[in-house]
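So the chains spell out like this:
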Amino acid sequence: VSDFMDALEKSGCAQPLTALSFVRCAIAVGDARALADFLCWEGFPALKTLRLVNDPSLADAGMSTLAEALLETNHTNLSELNLDDVRMGVKGMAGLAALVFQGRFERLKKLDLSGNEDVTNQDIIA
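Keep in mind the model is a prediction, meaning the values are calculated, not measured.

### Focus on the sheet that holds strand β3 (residues 80-82)
Part 1 of the argument: Pairing within the open sheet is parallel, and its four strands lie in the order β1-β2-β3-β4. Looking at which strands have only one partner, the edges of the open sheet turn out to be β1 (19-23) and β4 (110-112). Between one strand axis and the next, the sheet turns through 5° on average, direction left out of account.
Part 2 of the argument: Pairing analysis gives five bridges linking β1 to strand β2 (residues 49-53), with the strands arranged parallel. Each bridged residue has a counterpart across the sheet, and for L20 the counterpart in β2 is L50.

Right, dumping it as structure tokens:
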């Protein structure tokens, strides 16, 4: 993921990119950090859709890393965030709640959290 982020940046492809999907990519915490760093540096200014799907290796640690990066950005243009089956639990939901509380999802129209069996009703209410 780190090499891919570097290639996107060097090629100039990251600037106009509006959708980025990682499906069953076995993203580990280090990979999530590379993606998070790029998001934090506002490497995808036009990004509207981010999909991290069917990747249980991401888990709470990876979700927390991504949430921290999105908190560090000045703004996000995300209108769709799909986190289907990333084995997110309480910590991941807390990270998402912080993003909502800090107004980072002001343009968000679609949020998919399906397939995360560790998320409880209480997590969603929080």
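### What to know about the packing of helix α1 (residues 2-11) against helix α2 (residues 29-40)
Part 1 of the argument: The N-to-C vectors of α1 and α2 enclose an angle of 25°; their axes lie 8 Å apart at closest approach. Taken together, the axes of α1 and α2 lie roughly parallel to each other. Two secondary-structure elements touch here, α1 through S2, M5 and E9 and α2 through A34, L35 and F38.
Part 2 of the argument: Here the residues of the contact of α1 with α2 are counted per class, giving four nonpolar, one polar and one charged.

Thresholds, definitions, all that
Residues numbered from 1 in each chain as written. Predicted model: local features only at pLDDT ≥ 70, side-chain atom pairs only at ≥ 80, totals over all residues. Heavy atoms only, no water. Pairing = 2+ DSSP bridges. Helix = DSSP H or I, 4+ residues; strand = E, 2+ residues; numbered from the N terminus. Axes fitted to C-alpha atoms, helices over the stretch in contact; angles between N-to-C directions. Parallel < 35°, antiparallel > 145°, perpendicular 65-115°, else oblique. Contact = heavy atoms within 4.5 Å. Nonpolar A, V, L, I, M, F, W, Y, C, P; charged D, E, K, R; others polar.

All we've got here are geometric facts, nothing functional implied.
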